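Coordinates in review
If you want the building blocks of each chain, they are given just below.
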2 protein chains.
Amino acid sequence: MISSKDVAKRAGVSQPTVSRVLNNPESVKPEKRNKVLQAMEELGYYPNLIARSLVTNSTRTIALISGTLKNGFFAETTDSIIHIAKQKGYKTIVYFEDENEDEITDYWDSIMGHKVDGILLSLIRLDDPNLKKLVNSQIPCVFFNRRPRNESNFVVLDNVMAASLLTQHLLDLGHQRIAYISGKTDVSTFNERKLGFEETMQQSKIKQIPELIHFINTSNDEIDQLIPKLIHRAEPPTAIICATDAMALICIDIVMSMGLRIPEDISIAGIDDTRMASHQAFQLTTVGHQKLAMGEIAALNLIEMIEESSAQEPLRQIILKPELVIRKTTAHLVK
Amino acid sequence: MISSKDVAKRAGVSQPTVSRVLNNPESVKPEKRNKVLQAMEELGYYPNLIARSLVTNSTRTIALISGTLKNGFFAETTDSIIHIAKQKGYKTIVYFEDENEDEITDYWDSIMGHKVDGILLSLIRLDDPNLKKLVNSQIPCVFFNRRPRNESNFVVLDNVMAASLLTQHLLDLGHQRIAYISGKTDVSTFNERKLGFEETMQQSKIKQIPELIHFINTSNDEIDQLIPKLIHRAEPPTAIICATDAMALICIDIVMSMGLRIPEDISIAGIDDTRMASHQAFQLTTVGHQKLAMGEIAALNLIEMIEESSAQEPLRQIILKPELVIRKTTAHLVK
DNA sequence: CTGAAAGCGCTAACAT
DNA sequence: ATGTTAGCGCTTTCAG
């Protein structure tokens, strides 16, 4: 491996001078500087960032701990986070949710050991046993989409309102037997969306039907099983609210394969307003927010925190205002 | 920052003993070992992987340089690559294609400087000026999906055959005015798929119509502009072959928004067999391959290479056999 | 403006 | 079995 020592030797200067050419070029006489640059070129030298990190105590690296890419929402946030990070001069190490084990425990040694400059974290539960370690670590951290119960920096949608808007929309369309399908409520997102749904249903004085309300794994399998059961009920739901667009797309897949038409036979809606929701093949009614993407906002805030080295200072808590996007998968109840 | 020195002091041992407890626990007497482990626990110690890398010359990190996540194909490969890597004990640093600048130049310093153990690379052109540097670097490298013209390790689809199968399928359905929409042919994938299309058309003795054949940017904008032009021709195509599923989905979006029915008014097909292709809302006819996903194969091979430290040895060149998946977006030409 | 010397936190060789 | 010493490649004093 070619080191700054090799470059120094070839250029006939001392090793620290090579370092200076890299970090503070003006501080070295043009003549020598050019010699050094030439030597670098000739040897194909790349400064060892590992070694640099060891002394500067900064890795220019952030860790992203995200939900699965199978969910379009996380594909979009991951995309924008990595782009923003790169633009600001940071590398991104990515960790994804594991089907089996949705704890961050597994990644912890890697993240802590790698001395990342900051952490962007979606994979957290409301009362997460790992949170304490995270706080102790003193590493700047921003949650996005999901957040823990305790104080923290986060960027989330106003999920209560999001679910509420959607529920009200369906009620306005005359639906009463509304199914609600969601992930487990030990994460903030699903917990809050559930609250929004329940509140709005209660206000409308329409009785909720417990058999139509399910909190399950968000992967295909469980949804695959659930939907047919709902549809085959004596009194099937006339509308299904899915707590995420990703679930809604799976839901649509199954409903269509059962030969039902959307929205003529059944209305379906999601939350997140992912890219795919606006596709003509879906035209999914959903709730999202305009402005910058959530990942972008989270990344920008994290990087600000890193560069001001204000890990704690004023808490950054950003709640994005949701907006109902009515498309073609929801319609008036005819009957 | 808590270092092994601190742990050593607290446990009343020398610093290297702490290191031994980490790397070779059996070599240290149980009594001392437990003292050390306890001290680690109490102090909340995490070994500094950066420092370790500097001396072991191994980062347990691979770099993934991928096409954009907006393309479902790359979302799927990224997902499986990161999972496989994690499973094998490797972290993944991710770099994505930049809209503006599709060269890896930008990432180069970061990748080379970070001394990754291996590189998984899709973002390469047939004659890529960066290739030489890559080879010089001696870092194990596997290309997937795309490959350079020169000798290298790669995992790709037999793209000529893939396009050929699809073209033949449409010819068999009676189509003659077939449009072909693809990315630029300076990347192997698009170049080979083009060859497959052309060969098959020539064999059938049906004349290709140059105005229906386009090599453009794969992002929405250019496709958005192109499709209406094609549709509004005096003699519009009766079928459109898109060189990727991602392009096909965009294409379908536009065609549907123009009020055409698929496949009654126009047949559309893609290549890659991405997850979304099988969704009931699309039922896209496409070409893919069964067995393990491409990303998985590439990652497994790369890691093997790393662990055998056989950067060059026998070249690993894996060409996956394509399989035509006929769904519902292609149909017999009526009229 | 530049060289010499020290040290980041760890592992590896060498003693004991 | 364990402590001592050296050194990975870099940045950072400190002299001069």
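Anything mentioned here points back to the structure above.
Summary of the structure given here.

Cut-off values and rules
- Residues numbered from 1 in each chain as written.
- Chains lettered and ligands numbered in written order.
- Predicted model: local features only at pLDDT ≥ 70, side-chain atom pairs only at ≥ 80, totals over all residues.
- Heavy atoms only, no water.
- Least-squares fit on C-alpha atoms with pLDDT ≥ 70 in both.
- Contact = heavy atoms within 4.5 Å.
- Salt bridge = Lys/Arg side-chain N within 4 Å of Asp/Glu carboxyl O.
- Helix = DSSP H or I, 4+ residues; strand = E, 2+ residues; numbered from the N terminus.
- Phe/Tyr/Trp six-rings, centres within 6.5 Å; stacked < 30°, edge-to-face > 60°.
- Buried < 20%, exposed > 50% of the residue type's maximum accessible area, 1.4 Å probe, protein only.
- Lys NZ or Arg CZ within 6 Å of the ring centre and 35° of its normal.
- Near = heavy atom within 4 Å.
- Polar contact = N/O pair within 3.5 Å; in protein donor to acceptor, adjacent residues only side chain to side chain.

All right, on to the relation of the copies chain A and chain B then. With an RMSD of 0.1 Å, chain A superimposes on chain B once it is rotated by 180 degrees and translated 0.1 Å along the axis. Considering both components of the superposition, the chain copies are consistent with a two-fold axis. Among all C-alpha atoms of chain A, that of A:I93 lies closest to the rotation axis, at 2.3 Å. Most of the interface of chain A is mirrored in chain B, where 100% of its interface residues are also at the interface.

We now examine the pattern of salt bridges. This structure, assessed with the given rule, holds 22 salt bridges over all chains. Measuring nitrogen to oxygen at the nearest pair gives 3.2 Å for the salt bridge that ties B:R193 to B:D272. With a gap of 79 residues between them, B:R193 in helix α9 (residues 188–203) and B:D272 in the loop between β9 (267–269) and β10 (286–288) connect regions that are remote in the sequence. Linked by salt bridges that have partners in common, A:E304, A:E308 and A:R316 make up one network.

Under the criterion given, the structure shown has nine aromatic pairs over all chains. Ring centres of A:F282 and B:F282 lie 5.5 Å apart, and the angle between their planes is 85 degrees; on these two criteria the pair is classed as edge-to-face. Of this pair, A:F282 sits in the loop between β9 (267–269) and β10 (286–288) while B:F282 is found in the loop between β9 and β10, placing the two residues in two different chains. Residue A:F282 is classed as buried on the basis of its relative accessible area of 5%. Between B:Y180 and B:F197 the ring centres are 4.5 Å apart and the planes differ by 15 degrees, which places this aromatic pair in the stacked class. Taken together, the positions of B:Y180 in strand β6 (residues 178–182) and B:F197 in helix α9 put the pair 17 residues apart, joining distant regions of the chain. As far as burial versus exposure is concerned, B:Y180 and B:F197 are alike and both buried. By way of ring pairs, the aromatic residues A:Y180, A:F197 and A:F215 are connected into one cluster. The positively charged end of A:R60 is found above the aromatic ring belonging to A:Y90, 4.2 Å away from the centroid.

What follows covers the protein's contact with DNA strand C. Near DNA strand C lie 26 residues; those nearest to it are A:T17, A:R20, B:S4, B:S19 and B:Y45. Among the atoms of DNA strand C lying within 4 Å of the protein, the sugar-phosphate backbone contributes 64%. B:S4 is positioned with one of its backbone polar atoms (N or O) 2.4 Å from a phosphate oxygen of DNA strand C. With respect to DNA strand C, the backbone of B:A51 contributes an N or O atom lying 3.5 Å from a base nitrogen. Elements that contribute at least two residues to the surface near DNA strand C include exactly α2 (15–23) and α4 (49–56) of chain A together with α2 (15–23) and α4 (49–56) of chain B.

Any link to function would need more than the numbers given here.
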